[in-house]
Amino acid sequence: MKTIIEPFRIKAVEPIRMTTPAQRDAILRAAKFNPFLIPARDVLIDLLTDSGASAMSSDQWAGIMRGDESYAGSESFFALRRVVEDLTGFTNILPTHQGRASERILFELIGGPGKVVPSNAHFDTTRANIEHSGARAINLPIPQASRPRDRHPFKGDMDVAALETLIRAEGTANIPAVMMTVTNNTSGGQPVSLANLRAVREVCTRHGLPLILDACRFAENAWFIRTREPAFVDRPVRDIARAMFDLADGVTISAKKDGLVNIGGLLLIRDHALFQRACNLLILTEGFVTYGGLAGRDLEAMAQGFREVVDEDYLSYRIRSVEYLGQKLLDAGVQIIEPPGGHAIYIDAAHFAPHIPPEQYPGQAVVCGLYRAAGIRACEIGSVMAGPHRRPEMELVRLALPRRAYTQSHYDYVAEACAELFTRRRELRGLRILEAPDVLRHFTATFEEL
Ligand SMILES: *Cc1c(COP(=O)(O)O)cnc(C)c1O
């Protein structure tokens, strides 16, 4: 069969509240043209982020009931540790309330003024935590990553030659670790090849540097390796994921992505002395080492989520859903970052609304257009998010796909809405900022239409 179906049926449903274009126009105006300020109940299809928006399985909900809420030595912690140990080979495992808590602990330990942390591309909270420690965060993506129509199969790879150059220039004493983000969120959810991970590991070993994985989307990355990297075609996803983790000295994970839960994170550290120091920091701000700022029920749901996410029928459906939406947009003439990544489609808003200059926020105009026309909530990643002092490389609109939450007909609706808006794109109007803070302004900025 050619049709790839959702590999689940639906046991509980959450009604979507339908609205008319006139109602949405009023809602958009009340939210001052910023979708972050629209109440979720007024959204038909919420593609703002894939983070923490997964639908849980019946087994995860059963785990919620089973959760052991003991302060110390919770059975739910041991269940989680068994699953994570089996998946990653790490034995030093800390739960945290989400990915950035793992990052904060790690960089408080290894960061600091004068240090430099290279990566294929840092996610924004990772960069913020590195910089908060006083260190510098450096991105070393391959050149193909910034060419939107280049169909390189592993656009998330690191430029290994650039890493060697950086190490020579900064000196190994100033580099506490090299990071690799899988998949590479910042470059559009693009995967990293195992060949590239191994080449980076080789450089790290030669210079005596630890390698840290930001493994939020490790399963999606492993699926891309299985389908695109000749040496690993048709190898079990679990084995590929294990090969990735085997290369790392430490791992930070937000379980709100491939953990298939609404809240949770992990910090894995090979070195025992460093792990002990991480335990002490965890206790200081997150909680005791067997719960790390989560309830026992959250640990159960997370344990089951990490079991389910490496299911190959799930991953096949997951990656196909993103590709399906991407292809429909391309067929309608909408330009996107190609090839589609693992968790989102990125629309090229400069191409979508060429009559709106960057100073009038074409990405925000497309985001507002999609909400008004169809109740779809997307996220601007362009001049609004970049802030007043930085010119972004591209004006993008991200349609992030929550895991297992929407069906194919929902994505048909999204594709139709994008295509229809594209035919009347000349009607889209630029925006002017009324009020905005200096940092992270996209969350709270208010706008008016020009
Ligand atoms: C979401 C994310 C994080 C941060 O995780 P939170 O759970 O949101 O704190 C870190 N790195 C990447 C690549 C992410 O996508």
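Parameters and conventions
- Residues numbered from 1 in each chain as written.
- Predicted model: local features only at pLDDT ≥ 70, side-chain atom pairs only at ≥ 80, totals over all residues.
- Heavy atoms only, no water.
- Domains from an automatic or database assignment.
- Contact = heavy atoms within 4.5 Å.
- Buried area = accessible area lost by both parts, 1.4 Å probe.
- Salt bridge = Lys/Arg side-chain N within 4 Å of Asp/Glu carboxyl O.
- Polar contact = N/O pair within 3.5 Å; in protein donor to acceptor, adjacent residues only side chain to side chain.
- Helix = DSSP H or I, 4+ residues; strand = E, 2+ residues; numbered from the N terminus.
- Nonpolar A, V, L, I, M, F, W, Y, C, P; charged D, E, K, R; others polar.
- Pairing = 2+ DSSP bridges.
- Axes fitted to C-alpha atoms, helices over the stretch in contact; angles between N-to-C directions.
- Near = heavy atom within 4 Å.
- Areas by Shrake-Rupley, 256 points an atom, 1.4 Å probe, with all protein chains shown as cover.
- Buried < 20%, exposed > 50% of the residue type's maximum accessible area, 1.4 Å probe, protein only.
- Lys, Arg positive; Asp, Glu negative; His and termini not counted.
- Core = buried A, V, L, I, M, F, W, Y, C linked by side-chain atoms within 4.5 Å.

### A word on the domain arrangement of the protein
Taken domain by domain, the protein holds domain 1 (21-50 + 311-449) and domain 2 (58-308). Across the boundary between the two partners, domain 1 contributes 25 residues, which contact 29 residues of domain 2. Here domain 1 packs against domain 2, burying approximately 2,300 Å² in sum over the two surfaces, 50% of which is carbon and sulfur. Note that Arg 217 and Asp 50 form a salt bridge whose closest N and O atoms lie 3.1 Å from each other. Linking domain 1 with domain 2 are 17 residue pairs in polar contact (both at pLDDT 80 or more), by the criterion used here. If you list the elements that add at least two residues to the side of domain 1 that touches domain 2, you get α12 (312-331) and β9 (344-348). Here the element with the most residues in the side of domain 1 that touches domain 2 is α12; it accounts for seven residues. In terms of residue class, the side of domain 1 that touches domain 2 is built from ten nonpolar, five polar and ten charged.

### Looking at the sheet that holds β9
One open sheet accounts for three strands, arranged β9-β12-β11; its pairing is antiparallel. Looking at the sheet topology across the chains shown, the edges are occupied by β9 and β11 (379-381). The sheet shows a mean angle of 30° between the axes of neighbouring strands, taken without regard to direction. Pairing of β9 with strand β12 (residues 396-400) involves five bridges; the strand directions are antiparallel. Paired with Ile 345 across the bridge in β12 is Leu 399. Contacts between α12 and the sheet are confined to β9 and β12, with β9 contributing the most and set at about 20° to the helix.

### Looking at the site of the ligand
Taken together, 14 residues surround the ligand, and among them Arg 100, Asp 214, Arg 217, Ser 254 and Lys 257 come closest. One of the side-chain nitrogen or oxygen atoms of Asn 185 is found 2.9 Å away from an oxygen atom of the ligand. A distance of 2.7 Å is found between a nitrogen atom of the ligand and a side-chain nitrogen or oxygen belonging to Asp 214. For the ligand, the protein covers 97% of the area, taking 380 Å² as the surface of the free molecule. Tallied by class, the residues present in the shell around the ligand amount to two nonpolar, six polar and six charged.

### Some thoughts on the side chain of Arg 24
Tracing the chain through its elements places Arg 24 in helix α1 (residues 21-30). We note that Arg 24 is buried and unpaired, the nearest opposite charge coming from Glu 420 at a distance of 9.1 Å. Separated by 3.0 Å, the side chain of Arg 24 and the backbone oxygen of Ala 373 make a polar contact. Other than its neighbours up to four places away in sequence, Arg 24 contacts Thr 19, Leu 44, Tyr 371, Arg 372, Ala 373, Ala 374 and Gly 375.

### Observations regarding the nonpolar core
Membership of the largest hydrophobic core comes to 63 residues, with the highest contact counts inside it found for Phe 218, Met 244, Val 251, Leu 266, Met 302 and Phe 306. Here this core gathers at least three residues from each of two domains, domain 1 (21-50 + 311-449) and domain 2 (58-308). The residues touching Met 244, leaving out its near neighbours within four places in the chain, are Val 182, Leu 194, Leu 197, Leu 213, Phe 218, Asn 221, Ala 222 and Ile 225. Residues Ile 356, Val 367, Tyr 411 and Ala 417 belong to the second largest nonpolar core, which totals 47 residues.

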